[in-house]
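Structural overview
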Amino acid sequence: MSDHKPPPRDGTTHFGFQQVPLADKQKRVAGVFSSVAAKYDVMNDLMSMGIHRVWKRFVIDLAAVRAGENVLDVAGGTGDLIRAFAKQVGPKGLAVLSDINPEMLDEGRTRLLNEGRLDVPPVLANAECLPFGDDSFDLITIGFGLRNVTDKDAGLRSMLRCLKPGGRAIVLEFSKPLIKPLAKIYDAYSFSVLPKLGQVVANDADSYRYLAESIRMHPDQATLKAMMEAAGFSRVQVYNLTGGIVAVHRGYKL
Ligand code: SAM
């Protein structure tokens, strides 16, 4: 279940289930991803039983990238999405990997280099204030990143600003399961199994507890759609995957 509430106006925000000063969230999120970076890919496969690949494939198909397009992946981490887009844009296009966390970006850069991709610049960037010009990209994606961003509205506005008119943004994120029995099983899995898996594989239960908690605190499908519309996106469509455990939101810049 999503426990998302609008941010309080007392200078605090949530970090998982804890309420923390606004200024602290980014540091704490950085701590989580610096800690998990080296084991991120193997943990992703284990935790989702490989299903994250199917969710990302859905985004890649929905994005329908054409040769020559400019594509930015925000909070791109180890680069699963951008590696696919880099092939599709071809030599006349541009694919950029960005992330706020140097360790995660480094993992992404290494994977790109190992695949011989020297043409994808890695850019250290906060989603809230992307360091790119207005109207620069045909497509901007953010996969499992938005829930970690302190000011999500600023993140969405920043993505909109960097899109060309007619361009599209795609948000892939955990969401609210559509049916109760699924939500119960999912809760049990997230709060019991995930931290244990994190402890055994990555020697880090706390980071995986945060990941489970942060999923619950993230806006549900309708709330995120409204946030995208408030940020200025048009024709926002929502696609539920795996019974709403994950949702994909696509919106356009007019
Ligand atoms: N997109 C990748 C994927 O789907 O495998 C990585 C997702 S990982 C769960 C979340 C990523 O968001 C981390 O790499 C983290 O560093 C990044 N992140 C967190 N806060 C961010 C922010 N404010 N701006 C940009 N990236 C951020």
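To be clear, the structure that these remarks concern was listed above.
Note that residues are indexed from 1 along each chain, following the sequence as it is written. Where totals are concerned, whole chains, interfaces and linings use all residues; where local detail is concerned, this predicted model gives features only for residues with pLDDT of at least 70, and gives and counts side-chain atom pairs only at 80 or more. In computing side-chain values, all of the structure's heavy atoms are included and hydrogens and water are not.

A few words on the pattern of salt bridges. Here a salt bridge means any side-chain nitrogen of Lys or Arg lying within 4 Å of a carboxyl oxygen belonging to Asp or Glu. Going through the model one piece at a time under the given rule, you end up with 19 salt bridges. The partner of glutamate 115 in a salt bridge is arginine 83, and the shortest N-O contact between them spans 3.3 Å. Within this pair, whereas glutamate 115 is found in the loop between helix H5 (102-114) and strand E5 (122-124), its partner arginine 83 is found in helix H4 (residues 80-89), the two being separated by 32 residues in sequence. The class of glutamate 115 is partly exposed, set by a relative accessible area of 43%. Note on classification: 1.4 Å probe, protein chains only; a residue is buried when its accessible area is under 20% of the maximum for its type, exposed when over 50%, partly exposed between these limits. The class for arginine 83 is buried, based on a relative accessible area of 8%. One network of salt bridges, with partners in common, ties together Asp41, Lys56, Asp80, Arg83, Arg111 and Glu115. Starting at the N terminus, helices and strands are each numbered in turn, a helix being any DSSP run of H or I of at least four residues and a strand any DSSP run of E of at least two.

Looking now at the layout of surface pockets. Think of a 1 Å grid over the protein atoms and nothing else: a 1.4 Å probe that fits but is trapped marks a cavity, an open set flanked by protein within 12 Å on at least five of seven lines marks a pocket, and residues with an atom within 4 Å of a point count as lining. Grid points are joined across faces, edges and corners, and a volume is the space filled by probe spheres set on the points. Its volume calculated, the largest pocket comes out at about 930 Å³. Lining the largest pocket are 48 residues, with Tyr40, Asn44, Phe144, Arg147 and Phe174 positioned closest to its centre. Going through the elements one at a time, helix H1 (22-36), helix H2 (40-48), helix H3 (51-63), strand E3 (70-74), H4, helix H7 (180-202) and helix H8 (205-217) are the ones with two or more residues in the lining of the largest pocket. Here the lining of the largest pocket gets 6 residues from one element, more than from any other, and that element is H7. The residue classification treats Ala, Val, Leu, Ile, Met, Phe, Trp, Tyr, Cys and Pro as nonpolar and Asp, Glu, Lys and Arg as charged. All others, Gly included, are polar. Taken together, the residues of the lining of the largest pocket break down into 26 nonpolar, 16 polar and 6 charged.

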